[in-house]
Each structure stands twice: as C-alpha cells, then as structure tokens.
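Residue-level structural notes
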Amino acid sequence: MEAKKVAAEKAADFIQDGMIVGLGTGSTAYWAIQRIGARVREGLKIKAIATSQASEELARELGIQQLPFAEIETIDLTIDGADEADPAFHLIKGGGGALLREKIVAAASKKLIIVVDESKVVDKLGRFPLPVEVVPFGHEMTLRKLEQLGCKPVLRTAEGKTFVTDNGNYIADCHFGRIDDPEQLHTVINLIPGTVDNGLFIQMADHIIVGYHDGSVRELEK
Ligand code: DER
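Residues numbered from 1 in each chain as written. Predicted model: local features only at pLDDT ≥ 70, side-chain atom pairs only at ≥ 80, totals over all residues. Heavy atoms only, no water.

Re helix α1 (residues 2-12)
The cut-off we apply is this: Burial classification: accessible surface area is computed with a 1.4 Å probe over protein chains only, and a residue below 20% of its type maximum counts as buried, one above 50% as exposed, and the rest as partly exposed. Helix and strand labels come from DSSP, where a helix needs a run of H or I of at least four residues and a strand needs a run of E of at least two; each type is numbered from the N terminus. Should any heavy atoms of two residues lie within 4.5 Å, those residues are counted as being in contact.
Of all the positions in α1, only Ala3, Lys4, Val6, Ala7, Ala8, Ala11 and Ala12 are classed as buried. The inward-facing, buried residues of α1 contact α2 (27-41), β3 (77-80), β6 (112-117), β14 (207-211) and β15 (217-221).

So, in structure tokens, the structure goes:
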C-alpha cells in the first residue's frame, strides 16, 4: 500500500488550480483521489471526471466537484493506475474492470500520469492477463475468436457471477503469457466483432511514477 500511496500522492501534487482532472480507478488511483480530496478541502479549485462509478462515488464523498463529459472540451491531467507498464510506456490496464471509461478519459486528456508500484514495471507485457471488454451477445463466439489469437480467454466472474462492467459488458481476461507486439495485438483484438476495447494502452502514458516500499519514488520519462 505504501508504495502505491507515495506514487499516487506525488502525482496528485502536479494538479493546479483551474484544472479539469481525470480520476482513475483501482487501489492506486484511490490514493490519488484521497490526496485530491484533501487538497480540495485546503482550497484547490478543480473539476473532475471519474473513470468508474466507484471512483465517481469516492470523489463525491470527498467533496470533489465533478462534470459530465457534455461540459468538457479537454481534460488537463488524468491520474490512473496500471497492471503492467513496459519501457515504451505501453500499458496493460483493466484489472479493475474499468478499462473502457479509463481509455475514453485518457484519450481526452492532455497528459496521462500513470502511478504504480515497482511490481508493475516489466520488460515485456503479457504476464498479466489482458482484459478485453466484450458485449454479452455472442460472447461465447467472441472468446473463441480471442483464443485463436494465441491466448486462453477466461470470462471474469465476481462473487460467483459473471462480472458486469459499468457499461453493462463482460470482461474476458486473456492469458497470453507474453505479448511481443502490443501495437499489432491491440488492433487485431479490436477488429473482432463483439469486442468493445481492450486493456492495451498504446502510446497513451506521458509520465510514469513508480513508488517503492521505502517511501521513495522514481519518475520515468518516455
Ligand atoms: O483497472 C485498471 O485499469 C486499474 O487502473 C488497474 O490497472 C490498476 O489497479 P491497482 O492500482 O489496484 O493495481
């Protein structure tokens, strides 16, 4: 927790008055949202948009003013976690099931800061199973087509039931083992009818902050 917290709080301190801020999802983004809430209570003037219902609820509890996308031209800065990050700053995200809204918010952001602990920094993506958001209709066939790409797709469950995303879709966790060409895989997956999007974030991260258990942080530049 300490490593995630120190990275998240470092990122939250980049936020300036007047910004529109994207709020990520997951246990690391949680600490960024907590720090943002504390700064808002100290007088920071920002507006935010969340990447999940969970983060939206947390931000509301902390008194962080939120906007709908209808009122947003661009987002100045988004802070989010990741499941894996490689040397080219490609990411695997979606461990928390929020990849679709996270990618939409990230794509609308001038700057995306990723906050992780050191376990997420890898040489090659793929040890973490790649989450793919799929529509429920025909998902059995969609998973078979995903399998033909060389992975073992597993439909995500929660509390014994099929996990349903904030958008009413399912998640297939695709066990590739290693991903040699994430850019090509990202494109090929999204061409399969029935897939909505996948957890490969290609060339989206601008800045990665790595937290360590001794409370230190390391900032990676692309
Ligand atoms: O679901 C997500 O994309 C999360 O950001 C995930 O990638 C990181 O979750 P964590 O911060 O709880 O490890």
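Notes on the nonpolar core
We apply this condition: Note on terminology: a nonpolar core comprises buried Ala, Val, Leu, Ile, Met, Phe, Trp, Tyr and Cys residues joined through side-chain atoms within 4.5 Å.
Formed by 26 residues in total, the largest nonpolar core has its most connected members in Ile15, Leu23, Ile36, Ile46 and Ile64. Counting only elements with at least two residues in this core, the list comes to α1, β1 (20-23), α2, β2 (47-50), α3 (53-61), β3 and β6. The greatest single-element share of this core, amounting to five residues, is contributed by α2. Grouped together as the second largest cluster of nonpolar side chains are 19 residues, Leu143, Cys174, Ile179 and Leu185 included.

Quick word on the sheet that holds strand β8 (residues 152-155)
Put simply, the rule is: Strand pairing is defined by DSSP finding a minimum of two bridges between the two strands. Axes here refer to lines fitted to C-alpha atoms; in helices the fit is confined to the stretch in contact. Angles between the N-to-C directions go from 0 to 180 degrees.
With antiparallel pairing, four strands are arranged side by side in an open sheet as β8-β11-β7-β12. Edge positions in the sheet fall to β8 and β12 (195-198), since each has one partner strand and no second. Direction aside, the axes of adjacent strands within the sheet are offset by 30° on average. Examined bridge by bridge, β8 and strand β11 (residues 170-175) share four bridges and lie antiparallel to one another. Considered in β11, the bridge of Pro153 is made with Cys174. Its contacts with the sheet put helix α4 (residues 99-107) on β7 (130-134), β11 and β12, and the angle it makes with β12 is roughly 65°.

Describing the side chain of Lys120
Going by this rule: In this count, Lys and Arg are taken as positive residues and Asp and Glu as negative ones, while His and the chain termini are left out. Here, a salt bridge means any side-chain nitrogen of Lys or Arg that lies within 4 Å of a carboxyl oxygen of Asp or Glu.
Positionally, Lys120 belongs in the loop between β6 and β7. Although Lys120 lies buried, it forms no salt bridge, and the closest oppositely charged side chain, Asp83, sits 4.7 Å away as judged by the N-O distance. With near-sequence residues (within four places) excluded, Lys120 lies in contact with Lys4, Ala82, Asp83, Glu84 and Ala85.

Concerning the UniProt feature "active site" (unreviewed entry) in the protein chain
For clarity, the cut-off: UniProt positions are given in the numbering used here, feature names are shortened, and annotations may be inferred rather than shown by experiment.
UniProt tags Glu102 as "active site" (unreviewed entry). For Glu102, the position within the fold is in helix α4.

A short note on the packing of aromatic side chains
What counts, and what does not: Paired rings are identified among Phe, Tyr and Trp, the last through its six-membered ring, by centres lying within 6.5 Å, and are further divided according to the angle between planes into stacked (under 30 degrees), edge-to-face (over 60) and tilted (the rest). Either the NZ atom of lysine or the CZ atom of arginine qualifies as a charge over a ring when it sits within 6 Å of the ring centre and within 35 degrees of the ring normal.
If you walk through the whole model with that rule in mind, you get one aromatic pair. Ring geometry for Tyr30 versus Trp31: centroids 5.0 Å apart, planes at 85°, classification edge-to-face. A cation over a ring is seen here: Lys5 above Trp31, with NZ or CZ 5.1 Å from the ring centre. Arg156 extends its terminal NZ or CZ atom over the ring of Phe163, reaching a point 5.6 Å from the ring centre.

Quick word on the side chain of Arg156
Topologically, Arg156 is positioned in the loop between β8 and β9 (157-158). Classification of Arg156 as buried rests on a relative accessible area of 12%. Leaving out residues up to four positions away in the same chain, Arg156 has contacts with Gly94, Gly95, Gly96, Gly97, Pro131, Lys161, Thr162, Phe163, Ile171 and Asp173.

Observations concerning the pairing of β11
With five of its six residues buried, β11 lies for the most part within the structure. The pairing of β7 with β11 spans five bridges and is classified as antiparallel. When the bridges of β11 are listed, Leu130 appears paired with Cys174.

Here we look at unusual backbone geometry
The residue Phe89 is not glycine, and still its phi comes out positive at about 70°. Assignment of secondary structure puts Phe89 in the loop between β4 (84-85) and β5 (91-92). Despite not being glycine, Glu159 shows a phi value in the positive range, around 50°. Structurally, the position occupied by Glu159 is in the loop between β9 and β10 (161-162).

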